[in-house]
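Chain residues, written in single-letter form:
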Amino acid sequence: QVQLVESGGGLVQAGGSLRLSCVASGISFSFNDMGWYRQAPGKQRELVAIISRSGTTNYADSAKGRVTISRDNAKNTVYLEMNSLKPEDTAVYYCNANRPARRSNYWGQGTQVTVSS
């Protein structure tokens, strides 16, 4: 059974920081590209950052300079370090595991991030 379990969300003031974690089980973690996405109320889910199985990273323009994605294959965990948070960062943040070669794609249940002004 595949599980992606996010944690680390919460309420933070504007300008603050949060570190999200996503622990994966039931997949060959090191073979997956891992991503963080977010969905704000009334909006579509959007990409925040991706880290490939080789460690290459890509960020949404809104995240560049404020967000760092990293992974620890030994712990089956992907992280999202977010700094200088803004109220517009308020959303549910989802972890994603994607393995194109196996056509597999999995989502976590999400963790709420709320940034107060």
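Everything below is about the structure printed above this text.
Residues numbered from 1 in each chain as written. Predicted model: local features only at pLDDT ≥ 70, side-chain atom pairs only at ≥ 80, totals over all residues. Heavy atoms only, no water.

So what exactly am I meant to see when it comes to the pairing of strand β9 (residues 91-99) here?
On a regular strand, each side chain points to the face opposite its neighbour's, so the side chains alternate between the two faces of the sheet. Burial analysis of β9 places eight of its nine residues in the buried class, which makes it a mostly covered element. Sheet topology note: the strand β4 (residues 33-39)/β9 ladder contains seven bridges and is antiparallel. Opposite W36, over in β9, you have C95 as the bridge partner. Taken together, the four bridges between β9 and strand β10 (residues 104-107) define a ladder with antiparallel strand orientation. Of the residues in β10, the one forming a bridge with N98 is N105. (Buried < 20%, exposed > 50% of the residue type's maximum accessible area, 1.4 Å probe, protein only. Helix = DSSP H or I, 4+ residues; strand = E, 2+ residues; numbered from the N terminus. Pairing = 2+ DSSP bridges.)

Mind showing me how you'd approach the pattern of salt bridges here?
Proximity of charged atoms lets side chains of opposite charge pair with each other. Per the counting criterion, the structure on display carries six salt bridges. Across the pair D89 and R66 runs a salt bridge, and its minimum N-O distance is 2.8 Å. Of this pair, D89 sits in the loop between β8 (77-82) and β9 while R66 sits in the loop between β6 (57-59) and β7 (67-72), and the two are 23 residues apart along the sequence. D89 gets classed as buried once you look at its relative accessible area, which sits at 2%. Look at R66 and you get buried, because its relative accessible area is 12%. Salt bridges linked by common partners bring R38, E46, R66 and D89 together as one network. (Salt bridge = Lys/Arg side-chain N within 4 Å of Asp/Glu carboxyl O.)

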